[in-house]
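# Structural overview for review
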Amino acid sequence: MSDVIYSRPKSLNNISTHYCPGCGHGIAHRLIAEVVDELNIRESVIGVTPIGCAVIAYDYWNFDCSEAAHGRALAVATAIKRVRPQNIVFTYQGDGDLAAIGTNETIHAANRGENLTCIFINNAVYGMTGGQMAPTTLLGQKTATTITGRDQKLHGYPLKISEMLALLPGVKYIERVAMDSPQGILKAKKAIRLAFENQINNAGFSLVELLSPCPTYWGVSPKEALRWIKEEMTKVFPPGRIK
Amino acid sequence: MVNPKPKKILLSGNEAIAEGAIQAGCQFYAGYPITPQNELTAYMAKHMPENNRIFIQSESETAAINMVYGASAAGARAMTSSSSPGISLKQEGISYLAGAELPAVIVNIMRAGPGLGNIWPSQADYFQATRGGGHGDYRCIVLAPSSVQEAYGQMFKAFELADKYRNPVMILGDGLLGQMMEPVEIVKAEGLDAKYDKPWAVTGCKGRERNITKSFHMNEGDLEKANLILQKKYAGIQKKEQDWEEFLIKDAKIVIVAYGSMARIAKGLVRKLRQGGMRIGLIRPVTLWPFPVKAFANRKPKVSNRKFLVVEMSYGQMVEDVRLSLEGSSKVEFLGRSGGGVLTQAQILRKIKALL
Amino acid sequence: MTERVFIAGAGGQGVMLLGKVLATAAMKQGKSVTWLPAYGAEVRGGTANCMVIISDEEIGSPYIEEADSMIILNQPSLDKFSGILKNKGLMVLNSTLAHSDKINSAGTLQFPFTDLAVEQGNIKIANMIALGAYLAKNKVVSTDSIVETMKEMAAGRPELLEINKKALFKGVQLADGK
């Protein structure tokens, strides 16, 4: 007799993703799918997908999803949750979507204390458009639009949106996790699960920031990308529970 | 008990639009304050929660239209309102609504522009409203009320058309209509929102395949296919939904063409001039998109040398649609004013006298 | 019948309310009415005006190019707007706060509405005294209908109804006595 101890989550479709080798999006998608299955909410969950590399995340998940315009995911999610409070609504957003073009929507949804779950992928660069500076790009980091490295005099500092949001009384839970190792990935899943459970318990706004590898636009190997998260990114974006 | 006389109450255009929306089953409103439509938002803030509906004062017009997108995706009758500069901000969201084929109602109580302009009446957003306004090949259905009662009634029609065609519908009024008060007959209506099934809505995939609301079509040929579906829908709307009012045009030597507030001012003038024996008439487009081409095309007027005089609170926008509809068969003159000033009957009369 | 009334004064004098009461009362008598405010950014202290049209027919323009009657409660409004009154039109003027030698006295009713309101114990009711004076000269709307409207607007506040009713009939009495 044998037990199935590992299989494709029901919430994940059986197709290959379009992501580059070593990208963190596929892992984050799977973690969400596993949590949705484990919490038995596949038939009530509604995902709000971003513009960016994860624009077609809805192709990979097997549950209801709505696309949102660039940066507007939390405005869209706010309305879906207000109309259907019985459903579990989450957004999945990159750093450009959540912390640049959508900063306004992000801050105000959090400040209203919307009972939502927000999964924030921070990979310090714009992937879909070809490796330009993100609000979270590190100082000195070379991108297509910071050719000699990000310079605070010209480009400002990496934006710590999670720390900023933690100041808001409407926010229940914020945690940052580095997806730089199997242990990190397990921690990420735990944080995602808690962020969904909070919503199920009507606890308010929860956000999980995942430090996620982008070997392609960091110009390194997948393995080197994980080292860079651990040794460089976490210096600016320290993992741990922020609120 | 039958109420022999329906109750009339004095409402501003803004309040009537809000009350009409509530009676038409609007379940979700999001908006951001801007003059001259603030009474609409305030009315919704008070009366939506009283009716167990959702009201959100959003952080921006951009957020408001995207909230409408979310509410609509979730299956609710949803609307927002604003005035010209705020409507510019909403264009991104309106394009997404059209692309994802989501029903929504957007109210524009126009003020004068460009830029910050001022807060007084204008009709200078006609092009923006009727040509789509945002990016891509799409159209909004555009209704133009010319009285407070009509503004109230058009809210029922707006939500109906939005659901029927899964398309954004815009109510195009202006500061004059929004601010003025007139008696309104209130119709109590129930269950209007339940008329259209929304099997496409994102409600959780219990007992069915998952739903996705989106406007993104990356695979080669897919977007063209989706756009052709939209175009077919728009052609159907153009065929079926043109609406206009004709007033004393049969023997008219000059037919004034005007919509919204400008039309009621023109209509009052036509009535006055008819008493003095002048052969003047009026065509008032009620739908601005689809433009009522049928009111102009294929008509052989018995009156020779009939002229059309288009009167707008802009420097000439709807006049282009009138010219396109007439296809050169009649002379089209124009009188316009823009920047917050309302054309008076005396000004229109001067132009008419010059044309006769 | 069409009556175009232009009502103006300082912000806070209740000119908008005066117009709304008149328009609502006319509506109750089955008339077509429009009420159009001049709207702006000011809330208190600026000038305020509204245009009320009462008619047996459908009303075209809510905008008054030439007024049949005017109710003017302060000097700046008189200076700014008196030109739109038609020849031999009715001018109801608050002489506490506005004076003019140019006004044709035959068509003018001048009373110190503000002083009279203070005498009655509430400066805010000057508008209703002016309305009473206007209605005594132009019976376009019945005082019964005005009282009915006041009842609705002051629902649950009988003291408010009383003082406004008193003001209305004070105005009627003043104008009739002349």
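Residues numbered from 1 in each chain as written. Chains lettered and ligands numbered in written order. Predicted model: local features only at pLDDT ≥ 70, side-chain atom pairs only at ≥ 80, totals over all residues. Heavy atoms only, no water.

## Some details on helix α3 (residues 73-83) of chain A
Condition: Three exposure classes are used, based on accessible area relative to the maximum for each residue type with a 1.4 Å probe and protein chains only: buried under 20%, partly exposed in between, and exposed over 50%. Each helix is a run of DSSP H or I of at least 4 residues and each strand a run of E of at least 2, with the numbering of both proceeding from the N terminus.
Across the 11 residues that make up α3 of chain A, a large majority, 9, are buried. Among all positions in α3 of chain A, only Ala73, Leu74, Ala75, Val76, Ala77, Thr78, Ala79, Ile80 and Lys81 of chain A are buried.

## Focus on the interface of chain B and chain C
We apply this condition: Residue contacts are counted whenever heavy atoms from the two residues lie within 4.5 Å of one another. By buried area we mean the combined loss of accessible area, with a 1.4 Å probe, across both parts when two parts are placed together. By convention in these notes, a salt bridge is any Lys or Arg side-chain nitrogen within 4 Å of a carboxyl oxygen on Asp or Glu.
Taken residue by residue, the interface counts 23 residues in chain B and 20 residues in chain C. Taken over both partners, the interface formed by chain B and chain C buries close to 1800 Å², and the fraction arising from carbon and sulfur atoms is 63%. When the buried surface of chain B facing chain C is broken down by residue, Leu10, Gln179 and Met181 of chain B rank first, second and third, together holding 28% of it. Our enumeration of links across chain B and chain C arrives at 2 salt bridges. Between arginine 271 of chain B and glutamate 58 of chain C there is a salt bridge; the shortest N-O distance is 3.4 Å. Elements represented by at least two residues in the side of chain B that touches chain C include exactly β1 (8-12), α7 (175-179), β8 (181-185), α9 (260-275) and α11 (345-355) of chain B.

## Examining helix α6 (residues 148-165) of chain B
All names here are of chain B. Cut-off, in case you're wondering: By definition here, a helix of n residues has an expected span of 1.5 Å times n minus one. Two axes define the bend at a residue: one fitted to the seven residues ending there, one fitted to the seven starting there, and the bend is the angle between them.
Taking 1.5 Å of rise per residue, the 18 residues of α6 would be expected to cover 26 Å, and the 26 Å separating its terminal C-alpha atoms lies within 8% of that figure. A maximum bend of about 25 degrees is found in α6 at glutamine 154. The element α6 is largely enclosed, with a buried count of 13 among its 18 residues.

## Brief notes about the sheet that holds strand β3 (residues 54-57) of chain B
In any sheet, the strands associate via hydrogen bonds between backbone groups, in a parallel or an antiparallel arrangement. Residue and element names in this part refer to chain B. As a reminder of what qualifies: Criterion used throughout: strands pair if DSSP finds at least two bridges between them. Each axis is a line fitted through C-alpha atoms, taken for helices only over the stretch in contact, and angles between the N-to-C directions span 0 to 180 degrees.
Taken in spatial order, the 7 strands make up an open sheet running β3-β2-β4-β5-β7-β6-β13, and their pairing is mixed. Edge positions in the open sheet fall to β3 and β13 (287-289), since each of these has one partner strand only. Between one strand and the next, the sheet's axes are offset by a mean angle of 20 degrees, whatever the strand orientation. Each of β4 (78-82), β5 (104-110) and β7 (168-174) touches helix α4 (residues 84-99); the most contacted strand, β5, lies at about 160 degrees to it.

## Here we look at the environment of alanine 124 of chain B
Residue and element names in this part refer to chain B. Relative to the assigned elements, alanine 124 resides in the loop between β5 and α5 (126-130). For alanine 124, a relative accessible area of 24% corresponds to the partly exposed category. Here the alpha-carbon distance between alanine 124 and lysine 157, two residues 33 residues apart in the chain, equals 24 Å. If near-sequence neighbours (up to four positions away) are discounted, alanine 124 is found in contact with Met110, Met313, Ser314, Gln317 and Ser338.

## Points about the interface of chain A and chain B
Formally: Pairing of N or O atoms within 3.5 Å defines a polar contact, subject to two protein rules: one partner must be a possible hydrogen donor and the other a possible acceptor, and residues neighboring in sequence count only if both atoms are side-chain atoms.
With 36 residues of chain A in contact, the opposing surface of chain B contributes 34 residues. When the two sides are added together, the surface that chain A and chain B hide from each other amounts to roughly 2600 Å², 59% of it contributed by carbon and sulfur. It is Glu43, Asp64 and Glu67 of chain A that lose the most area in chain A upon contact with chain B, and together they represent 23% of the buried surface on that side. Run the count over chain A and chain B and you get 3 salt bridges. Here glutamate 59 of chain B and arginine 112 of chain A are joined by a salt bridge, their closest N and O atoms 2.9 Å apart. Inspection of the region where chain A meets chain B yields 17 residue pairs in polar contact (both at pLDDT 80 or more). Elements supplying a minimum of two residues to the side of chain A that touches chain B: β1 (45-49), α2 (57-60), β2 (64-67), α3 and α5 (103-111) of chain A. With 7 residues, the single largest contributor to the side of chain A that touches chain B is α3 of chain A.

## Comments concerning the arrangement of the chains
Summarising the chain contacts, 2 pairs of chains touch, and the pair with the most contacts is chains A and B. The two units chain A and chain C are non-contacting; their minimal C-alpha-C-alpha distance is 27 Å.

## Re the confidence of the model for chain B
Rules: On a scale of 0 to 100, pLDDT captures the predictor's confidence in every residue.
Put simply, chain B has an average pLDDT of 95, and 96% of its residues get 70 or more. Interface confidence for the predicted complex, given as ipTM, is 0.97, next to a pTM of 0.96.

## Digging into unusual backbone geometry
Geometrically, the link from threonine 35 of chain B to proline 36 of chain B is a cis peptide bond, its omega value of 5 degrees lying close to zero. In this fold, proline 36 of chain B is placed in the loop between β2 (28-31) and α2 (38-50). Residue proline 114 of chain B is reached from glycine 113 of chain B by a cis peptide bond, and omega for that bond is 5 degrees. Assignment of secondary structure puts proline 114 of chain B in the loop between β5 and α5. Here the phi dihedral of alanine 124 of chain A falls at roughly 65 degrees; this positive angle occurs in a residue that is not glycine. By the element assignment, alanine 124 of chain A lies in the loop between β4 (117-122) and α6 (152-155). Its relative accessible area of 0% is what places alanine 124 of chain A among the buried residues.

## Quick word on the sheet that holds strand β9 (residues 212-213) of chain B
Read from one edge to the other, the open sheet built from 8 strands follows the order β7(A)-β5(A)-β6(A)-β4(A)-β3(A)-β1(A)-β2(A)-β9(B), with strand pairing classed as mixed. Of all the strands in the sheet, just β7 (240-241) of chain A together with β9 of chain B have a single pairing partner and so form its edges.

## A word on the packing of helix α3 (residues 61-73) of chain B against α4 of chain B
All names here are of chain B. We apply this condition: Convention used here: angles under 35 degrees read as roughly parallel, angles over 145 as roughly antiparallel, angles from 65 to 115 as roughly perpendicular, and any remaining angle as oblique. What makes a crossing left-handed is the near helix being turned counterclockwise from the far one by less than a right angle; a clockwise turn instead makes it right-handed. All amino acids are sorted into three groups, where Ala, Val, Leu, Ile, Met, Phe, Trp, Tyr, Cys and Pro are nonpolar, Asp, Glu, Lys and Arg are charged, and the leftover types, Gly among them, are polar.
At a minimum axis distance of 8 Å, the contact between α3 and α4 shows a crossing angle of 25 degrees. Considering their axes alone, α3 and α4 lie roughly parallel with respect to each other. α3 and α4 meet at a crossing whose hand is right-handed. Residues Glu61, Thr62, Ala64, Ile65, Asn66 and Tyr69 of α3 form the contact with α4, whose own contacting residues are Gly86, Leu89, Lys90, Glu92, Gly93, Ile94, Tyr96 and Leu97. Residue composition of the contact of α3 with α4, grouped by class: 7 nonpolar, 4 polar and 3 charged.

## A short note on the state of the cysteines
Two cysteines joined by a covalent bond between their sulfur atoms form a disulfide. All names here are of chain A. Spelled out, the test is: In plain terms, two cysteine sulfur atoms within 2.5 Å form what is called a disulfide here.
The full count for this structure, using the stated rule, is 0 disulfides over all chains. Free cysteine: cysteine 20, not disulfide-bonded; nearest cysteine sulfur from cysteine 23 at 6.4 Å. We note that cysteine 118 lacks a disulfide partner, and the nearest cysteine sulfur, in cysteine 65, lies 14 Å from it.

## Observations regarding the pairing of strand β4 (residues 67-72) of chain C
Residue and element names in this part refer to chain C. Note the following rule: By the criterion used throughout, a crossover qualifies as right-handed when its path from the first strand across the helix to the second strand runs clockwise, the strands pointing away from the viewer.
Burial of β4 is extensive: 6 of the 6 residues sit out of reach of the surface. Where strand β1 (residues 2-10) meets β4, 4 bridges bridge the pair, whose relative direction is parallel. Bridging across to β4, isoleucine 7 finds its partner in isoleucine 71. Taken together, the 5 bridges between β4 and strand β5 (residues 85-94) define a ladder with parallel strand orientation. When the sheet's bridge partners are listed, isoleucine 71 is paired in β5 with valine 92. The handedness of the β4 to β5 crossover, carried by helix α2 (residues 75-81), is right-handed.

## Some thoughts on the side chain of asparagine 118 of chain B
All names here are of chain B. Note that asparagine 118 resides in the loop between β5 and α5. Reaching out from asparagine 118, the side chain makes a polar contact with the backbone oxygen of glycine 339 at a distance of 2.8 Å. Each residue touching asparagine 118, except ones within four places of it in the same chain, is listed here: Arg111, Ala112, Gly339 and Gly340.

## Things to note about the nonpolar core
Defined as follows: Throughout this description, the term nonpolar core refers to a set of buried Ala, Val, Leu, Ile, Met, Phe, Trp, Tyr and Cys residues connected via side-chain atoms within 4.5 Å. Annotation comment: domain bounds sourced from an automatic or database domain assignment.
Of all hydrophobic cores here, the largest spans 160 residues; its most connected members are Met44, Met79, Ile256 and Ile348 of chain B. Three or more residues apiece are contributed to this core by two domains, here domain 1 (8-240) and domain 2 (245-355) of chain B. Setting aside chain neighbours within four positions, we find methionine 44 of chain B in contact with Ala18, Ala21, Ile22, Cys26, Tyr29, Pro49, Phe55 and Met79 of chain B. Listed in part, the 48 residues of the second largest apolar core include Met181 of chain B together with Val33, Ile125 and Leu131 of chain C.

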